[in-house]
2 protein chains.
Amino acid sequence: MSGTVVVGLDVGGTSTRAVAYDLTGARRGEGRGGGGNPTSHGADRAAAELLAALRATLAHVDPTRVRAGTIGLAGAGRLLADPQARAAFDGAWSAAGLRCPYTVHGDALVAYASGTAAPDGTVLIAGTGAIAAQVRDLRLDRVADGHGWLLGDAGSGFWLGREAVRRLLADLDRAQPPGDLATRVLAELTGSPEVAPRPRATADAVVQSVTGRAPVELARLAPLVVAAARAGEPTGVALVAEAAARLAESASRIRPVGAIDPVVLGGGLLTGDTPLGDAVRAELARRWPDAPLRTAGDGAAAAAWLAARELPEVTDPAALHALLVPGSALG
Amino acid sequence: MSGTVVVGLDVGGTSTRAVAYDLTGARRGEGRGGGGNPTSHGADRAAAELLAALRATLAHVDPTRVRAGTIGLAGAGRLLADPQARAAFDGAWSAAGLRCPYTVHGDALVAYASGTAAPDGTVLIAGTGAIAAQVRDLRLDRVADGHGWLLGDAGSGFWLGREAVRRLLADLDRAQPPGDLATRVLAELTGSPEVAPRPRATADAVVQSVTGRAPVELARLAPLVVAAARAGEPTGVALVAEAAARLAESASRIRPVGAIDPVVLGGGLLTGDTPLGDAVRAELARRWPDAPLRTAGDGAAAAAWLAARELPEVTDPAALHALLVPGSALG
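Treat the numbers as computed from the prediction; the structure is a model and nothing was measured.

**Brief notes about unusual backbone geometry**
Apart from glycine, the bulk of residues carry a negative phi angle, and the bulk of peptide bonds sit in the trans form.
Working step 1: A positive phi angle, near 55°, is found at A:D145, a position not held by glycine.
Working step 2: Looking at the element boundaries, A:D145 is found in strand β8 (residues 139-145).

Put into structure tokens, the structure is as follows:
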């Protein structure tokens, strides 16, 4: 059994990470590549990054020993529906010497599995966007939000950034001095914290700065909101509380009242020690007081575990999860 | 005095309208042209539409008798800052045989003047976008919102349309049958009122339908919301109430507590006999119980009045307003 190796990949927009484990939980290799999302990078370039990460991971592993593999990536459904992208990924898999099949899962499922081995539960993710999903037997079931910045992503980094600008514009409309957060947002957008003698001129400059970029770039203001909330700044505190309520509302669209299975929090805004993570945990504990709250961890290791649990020799998937994704139960 | 004529133009994105009056209040001519906004149509084409409207208006008027003229248009500030556009408008003015100078005002001021002769007050406009402005001595003073769909336009037609789609997506996320308004929005966006067996597929189709067009086109859904509210449909009623509260909040950014000068409502969502107009009037009456509420009327006539009141022989501008813009005091 220790001869068997599994491979997991966490393919993101800016980096790809691969890991190999044997079934005793020992890590047998690790590798990295650049962004490997076929939707944003093109199938061939994405497959090249996948191959680079796999080759580094398998540098000291006989690839014929690899019995299962899982790739987690955003937009997994689009990959599976795109024969060209699928062929490019198949080619990279073979070029790395791998003979076993591989499965593809969405990043939401992998984030869930990086936080718990429980087959059923909920995952709630907030980064640039926001999405909540029910997991049934370690498959994504119903999904809420994830509708993108124009129509959804309530409580996301985009949402926090846009609302911070709206508060700034309201201060300028009222001709009242911007608060601490609003002043930082103003400086970030216009290069100066100063309001013109005619505040409308400053408001117009703010709007032009935002509309001169892609809307989703409003998410880059989210760290300012989080920092303000951490410092107790009133607008930052209020926006983080509203974001937490909206994220919990998205979860409530798919998660039954009284559910006691785990909720895993993922995405950059929820996995660190952030005020938004704390506020979301409080909202979730209020709505589902008996549910364990977990935090997403190592996505590549979780992908490897998702691969391993399909093998007949893995009789206690939960025990293997504790070896491969340590710390996830700490929440 | 009856020999003196004034000209007013209401220049919009889809049509241009011009009128000529003498100072007894008799209409001496009227003309129309296509969209004449130099920002969206280009200076030369806009000027050509202006000239067409002026020539029709002055068909039976000696243009040397015209002593004053006013052009109202959205983005008046951009025209005044653009020498090329200004030269094109000057050229059209001269080509129509006009020898007097003309003034340019924003459409918000013209909308205000089409509802009242009071020199000081507030104008609140909701169409595709939304804006509120204070008027001081018949000049625009402070402005609130008008920040565009990404960051502002709270309570506008865009806002109503986007929120209606959001409510539909929430129904689909919850896997509950869409309500009446949501079903109409679904049919408008996807061509069918049916929800797929997997509601997420329908949600994705809704998002794709919206993101395949310019965001501002969400405003075309606003009439569905208004119609639903008129029929007492709960989501429509709730969205109209929230839009009214947001519009009143925008007005409150610039209008002092306890103000008793008039508020003029303008824009397609507020000037008709619409539930949103009614809801906004109720919100305004609650916040400013002693203020007269007016409704915007004939913009070209208001522009003509704004021109006339600068003439030395016009000693009672309010009396002339009652002649040129009849009905405006009825609110």
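Continuing now.
**Some points on empty space enclosed by the protein**
Over the atoms, a rolling probe the size of a water molecule traces out where space has been left empty.
Working step 1: Counting across every chain of the model gives two cavities of 30 Å³ or more.
Working step 2: Estimates place the volume of the largest cavity at around 50 Å³.
Working step 3: For the lining of the largest cavity, the class distribution of residues is five nonpolar, one polar and three charged.
Working step 4: Along the walls of the second largest cavity sit A:W149, A:L150, A:F158, A:R162, B:W149, B:L150 and B:R162, which together make up its complete lining.
Working step 5: Here the lining of the second largest cavity is built from residues that sort into five nonpolar, no polar and two charged.

**A look at the domain arrangement of chain A**
All names here are of chain A.
Working step 1: Per the domain assignment, the segments of chain A are domain 1 (5-115 + 297-330) and domain 2 (119-296).
Working step 2: The interface formed by domain 1 and domain 2 contains zero salt bridges.
Working step 3: Where domain 1 packs against domain 2, one counts two residue pairs in polar contact (both at pLDDT 80 or more).
Working step 4: Of all the secondary-structure elements, those providing two or more residues to the side of domain 1 that touches domain 2 are α5 (107-113) and α13 (299-308).
Working step 5: Per element, the largest residue contribution to the side of domain 1 that touches domain 2 is four residues, and it comes from α5.
Working step 6: For the side of domain 1 that touches domain 2, the residue count by class is seven nonpolar, five polar and one charged.

**Comments concerning the packing of aromatic side chains**
Working step 1: Scanning all chains against the criterion turns up five aromatic pairs over all chains.
Working step 2: Both rings, one in A:W93 and one in A:Y102, keep their centres 4.8 Å apart while their planes meet at 40°; by these two values the pair is tilted. Of the two residues, A:W93 and A:Y102, both sit in the buried class.
Working step 3: Here the aromatic rings of B:W149 and B:F158 are separated by 5.6 Å at their centres, their planes lie at 50°, and the arrangement is tilted.
Working step 4: A relative accessible area of 24% places B:W149 in the partly exposed class.
Working step 5: Over the ring of A:W305 we find A:R309, and its NZ or CZ is 5.7 Å from the ring centre.

**Structural notes on the UniProt feature "domain: ATPase BadF/BadG/BcrA/BcrD type" (unreviewed entry) in chain A**
Working step 1: Mapped onto this numbering, the UniProt entry gives "domain: ATPase BadF/BadG/BcrA/BcrD type" (unreviewed entry) at residues 7-271 of chain A.
Working step 2: Along residues 7-271 of chain A, the helical share is 44% and the strand share 22%, with 24 Å between the first and last C-alpha atoms.

**Looking at the nonpolar core**
Working step 1: Judged by nonpolar contacts, the single largest core of 51 residues is most densely connected at A:L160, A:V165, A:L276 and A:V280.
Working step 2: If sequence neighbours within four positions are ignored, A:L160 has contacts with A:A222, A:V225, A:V226, A:L239, A:V240, A:A243, A:L269 and A:L276.

**So, the packing of helix α7 (residues 180-190) of chain B against helix α8 (residues 199-211) of chain B**
All names here are of chain B.
Working step 1: Two elements in contact, α7 and α8, have axes whose closest approach is 9 Å; the angle formed by their N-to-C orientations is 60°. Regarding the angle of α7 to α8, the classification is oblique. Handedness of the α7/α8 crossing: left-handed. On α8, the residues that touch L186, L189 and T190 of α7 are T202, A205, V206, S209 and V210.

**Notes on the pairing of strand β4 (residues 66-73) of chain A**
All names here are of chain A.
Working step 1: In terms of residue burial, β4 counts as a mostly covered element, since seven of its eight residues are buried.
Working step 2: As paired elements, strand β1 (residues 5-11) and β4 share seven bridges and run parallel to each other. Within β4, the residue paired with G8 across the bridge is T70.
Working step 3: Pairing of β4 with strand β5 (residues 102-106), which is carried by five bridges, proceeds in the parallel orientation. Its bridge partner lying in β5, G72 is registered against H105.

**Side note on the pattern of salt bridges**
Working step 1: This model, assessed by the stated rule, comprises 46 salt bridges over all chains.
Working step 2: Note that A:R136 is salt-bridged to A:D261, the shortest N-O span being 3.8 Å. Within this pair, whereas A:R136 is found in strand β7 (residues 130-136), its partner A:D261 is found in the loop between α10 (234-252) and β9 (263-266), the two being separated by 125 residues in sequence.
Working step 3: What makes A:R136 partly exposed here is its relative accessible area of 32%.
Working step 4: We note a salt bridge from B:R27 to B:D298, for which the minimum N-O separation is 3.7 Å. Here B:D298 lies in the loop between β10 (293-295) and α13 (299-308) and B:R27 lies in strand β3 (residues 27-34), a separation of 271 residues in the sequence.

Definitions and cut-offs
- Residues numbered from 1 in each chain as written.
- Chains lettered and ligands numbered in written order.
- Predicted model: local features only at pLDDT ≥ 70, side-chain atom pairs only at ≥ 80, totals over all residues.
- Heavy atoms only, no water.
- Helix = DSSP H or I, 4+ residues; strand = E, 2+ residues; numbered from the N terminus.
- 1 Å grid on protein atoms, 1.4 Å probe; cavity = no way out; pocket = protein on both sides within 12 Å on 5 of 7 lines; lining within 4 Å.
- Points joined across faces, edges and corners; volume = space filled by probe spheres on them.
- Nonpolar A, V, L, I, M, F, W, Y, C, P; charged D, E, K, R; others polar.
- Domains from an automatic or database assignment.
- Salt bridge = Lys/Arg side-chain N within 4 Å of Asp/Glu carboxyl O.
- Polar contact = N/O pair within 3.5 Å; in protein donor to acceptor, adjacent residues only side chain to side chain.
- Phe/Tyr/Trp six-rings, centres within 6.5 Å; stacked < 30°, edge-to-face > 60°.
- Buried < 20%, exposed > 50% of the residue type's maximum accessible area, 1.4 Å probe, protein only.
- Lys NZ or Arg CZ within 6 Å of the ring centre and 35° of its normal.
- UniProt positions renumbered as here; feature names shortened; annotations may be inferred.
- Core = buried A, V, L, I, M, F, W, Y, C linked by side-chain atoms within 4.5 Å.
- Contact = heavy atoms within 4.5 Å.
- Axes fitted to C-alpha atoms, helices over the stretch in contact; angles between N-to-C directions.
- Parallel < 35°, antiparallel > 145°, perpendicular 65-115°, else oblique.
- Left-handed = near helix turned anticlockwise from the far one by under 90°.
- Pairing = 2+ DSSP bridges.

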